[in-house]
Amino acid sequence: MSTLLIHNADCIATFDHPEPSKGRELRNASIFVRHNRIEWLGAATELPPALRQSAAEVIDARGHLVLPGLVNTHHHMFQSLTRAIPGVQDAELFAWLRGLYPIWAGLTPEMVQVSTQVAMAELLLSGCTTSSDHLYIYPNGVRLDDSIEAARAIGMRFVATRGSMSVGQSQGGLPPDRVVEDEAFILKDTQRLIETYHDAGHGAMVQVAVAPCSPFSVSRDLMRESAALARAHGVRLHTHLAENDHDLAYSRERFNCTPAEYAQDLGWLGEDVWHAHCVKLDDAGISLFAATRTGVAHCPCSNMRLASGIAPVRRLIDAGVPVGLGVDGSASNDAAHMVNEARQALLLARVGRALAPPETRTAADGRRQTFFGCDLGPAEMTARDALALATRGGAQVLGRRDIGHLAPGMCADLALFDLRTLAFAGGAVHDPVGALLLCASPQAAWTVVNGRVVVREGRLTTVDLGPLIERHNRLAVTLAQSDGF
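Residues numbered from 1 in each chain as written. Predicted model: local features only at pLDDT ≥ 70, side-chain atom pairs only at ≥ 80, totals over all residues. Heavy atoms only, no water.

**Things to note about the overall build of the chain**
Right, so step 1: Across its full length, the chain holds 15 helices and 19 strands.
Right, so step 2: Taking 23 Å as the expected radius of gyration for a compact globule of 485 residues, we find that the chain reaches 22 Å, a close match to that expectation.
Right, so step 3: Projected onto its principal axes, the C-alpha coordinates of the chain cover approximately 70 × 70 × 45 Å.
Right, so step 4: Scored against the burial criterion, the 485 residues of the chain give a buried share of 60%.
Right, so step 5: Summarising the internal contacts of the chain: among those between residues at least 6 apart in sequence, 76% fall at separations of at least 24.
Right, so step 6: Taken as a whole, the chain presents about 18,300 Å² of accessible surface, with 50% of it coming from carbon and sulfur.
Right, so step 7: Put simply, the chain has 43 plus and 52 minus side-chain charges, and the middle of one group is 4 Å from the middle of the other. (Helix = DSSP H or I, 4+ residues; strand = E, 2+ residues; numbered from the N terminus. Rg over C-alpha atoms; globule rule 2.2 N^0.38 Å. Buried < 20%, exposed > 50% of the residue type's maximum accessible area, 1.4 Å probe, protein only. Contact = heavy atoms within 4.5 Å. Areas by Shrake-Rupley, 256 points an atom, 1.4 Å probe, with all protein chains shown as cover. Lys, Arg positive; Asp, Glu negative; His and termini not counted. Charge placed at Lys NZ, Arg CZ, Asp CG, Glu CD.)

**Looking at empty space enclosed by the protein**
Take a probe with the size of a water molecule and roll it over the atoms, and the empty space left behind shows itself.
Right, so step 1: Under the criterion given, the structure shown has two cavities of 30 Å³ or more.
Right, so step 2: Looking at the largest cavity, its volume works out to about 130 Å³.
Right, so step 3: Together, 17 residues line the largest cavity, and His76, Leu93, Leu97, His240 and Glu243 are the ones closest to its centre.
Right, so step 4: Looking at which element gives the most residues to the lining of the largest cavity, the answer is helix H2 (residues 93–104), with four residues.
Right, so step 5: For the lining of the largest cavity, the residue count by class is eight nonpolar, seven polar and two charged. (1 Å grid on protein atoms, 1.4 Å probe; cavity = no way out; pocket = protein on both sides within 12 Å on 5 of 7 lines; lining within 4 Å. Points joined across faces, edges and corners; volume = space filled by probe spheres on them. Nonpolar A, V, L, I, M, F, W, Y, C, P; charged D, E, K, R; others polar.)

**Side note on the nonpolar core**
Right, so step 1: Ranked by size, the top nonpolar core spans 129 residues in total, and within it Leu67, Trp96, Leu97, Trp104, Leu107, Tyr136 and Phe289 carry the most contacts.
Right, so step 2: Take this core: its biggest share by element is 10 residues, from helix H3 (residues 109–125).
Right, so step 3: Trp96 has contacts with Gln79, Val88, Ala91, Trp104, Arg305, Leu306, Ala331 and Ser332, leaving out every residue within four places of it along the chain.
Right, so step 4: Counting 21 residues, the second largest nonpolar core, distinct from the first, contains Ile31, Val33, Ile59 and Val453. (Core = buried A, V, L, I, M, F, W, Y, C linked by side-chain atoms within 4.5 Å.)

**Let's talk about the state of the cysteines**
Right, so step 1: If you walk through the whole model with that rule in mind, you get zero disulfides.
Right, so step 2: Just so you know, Cys213 is unpaired, no disulfide at all, and the nearest cysteine sulfur is the one on Cys299, 13 Å from it.
Right, so step 3: Cys278 forms no disulfide, and the closest cysteine sulfur to it belongs to Cys299, at a distance of 9.4 Å. (Disulfide = S-S within 2.5 Å.)

**What to know about the pairing of strand S16 (residues 414–418)**
Right, so step 1: Of all five residues making up S16, four are buried, and the element is well covered by its neighbours.
Right, so step 2: Bridge count for strand S5 (residues 64–68) against S16 is five bridges, and the pairing is antiparallel. When the bridges of S16 are listed, Leu67 appears paired with Ala415.
Right, so step 3: Pairing analysis gives three bridges linking S16 to strand S17 (residues 446–449), with the strands arranged antiparallel. Bridge pairing links Ala415 to Thr447 in S17. (Pairing = 2+ DSSP bridges.)

**Details of the layout of surface pockets**
Right, so step 1: Considered as a void within the structure, the largest pocket measures approximately 890 Å³ in volume.
Right, so step 2: Residue lining of the largest pocket: 32 residues in total, with Arg293, Pro322, Arg392, Gly393 and Gln396 positioned closest to the centre.
Right, so step 3: The set of elements that each furnish at least two residues to the lining of the largest pocket consists of helix H11 (313–319) and helix H13 (383–397).
Right, so step 4: Broken down by element, the residue count for the lining of the largest pocket peaks at eight residues, all from H13.
Right, so step 5: Its residues placed into classes, the lining of the largest pocket shows 14 nonpolar, nine polar and nine charged.

Rendered as structure tokens:
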């Protein structure tokens, strides 16, 4: 049985409390891992000698901050092939999709495998240990199996969502007819994937979720039948919802309801559901999500990139809605760096607070006073709040109780950041946890997934990046040219 000791860390931020400010942050501390679980965590001086002597590998964590492995709740990994494509760089969501659907129609199984590994390499190097992926387009023999095989090879904990599109332009949908699928086949293939790959156990490395793409690309029948299928097999449900004003208008015009009402009508609310974006969720929608414990994947970089708006994250959290972070598609971000995503969540929340309309309050003495934006009180989001979304919050959104914080019995998913680098100079000495987001976003020095070191001293151990990137770039050019780009 393998054993690993992370020894003498400057700081271990456990996020072991639902309130981020109350989680333990241990100085000069160590973590002992046996096989794939944390067995012991505490002050280095209190480490039992027997554990120290039995460690097969010891990571000298002096000068490092240790966090739970970060959790990415929404991604489209195939899109790493179409990053920075001219013609859609300045487009909003619908125009962006219309420009890219024809290119993505040229995807092949090899392209999906290679792009998945590139996206996962980027995530792992940023300290992310668990990621979901929403693959919703299946041309030319592409299968979700291609993504799952890639994840197993690179060593990332994976929630593979079987996305789908079934309503093309001829039926009032957004995607071209040539990239949609038959609904009976979608359901049959989804069931096959669940039965073949889904693992519900503690420490599962692969799970499957059911994920029709969006209100503007699937039918109501498929949404209802997908929910029934997922619940019959005890797996989670995922889709896009209320992403921007056009998305909101589509729901109102086609379904005569808000996106939240649409989700409620189709059985897409509950603890087993998470929706991506929810930028345009109104107060009634937030209340529905809170009452049903429906999760949200907040994607700040993508929401800014596509000019979708600022999601009401503070209101969601305060209402009791589970919220995690997602990097979203590599072509709408155009990165997959989870520390940077948390940093952007922090900064964007504060911008949203500053843009809030003036609020008039009555003081204790009866006088009325007007507050403007940031004068409303405490910061909209702290660094620890944002990191909690990237760790504990993401685990909750994905329905995982075995990841997201550090404690004995939890999966050994860890990220270590070197505080002695230039980016942290003058910051980490004051507050290493806060500095991780307030200073420049670093790469992880070490990343451990399920007790296995997959990033060692800043280098990926499971895949040779040089040939992978070269192959990925060749395929990116091929894919763009397949549409005459």
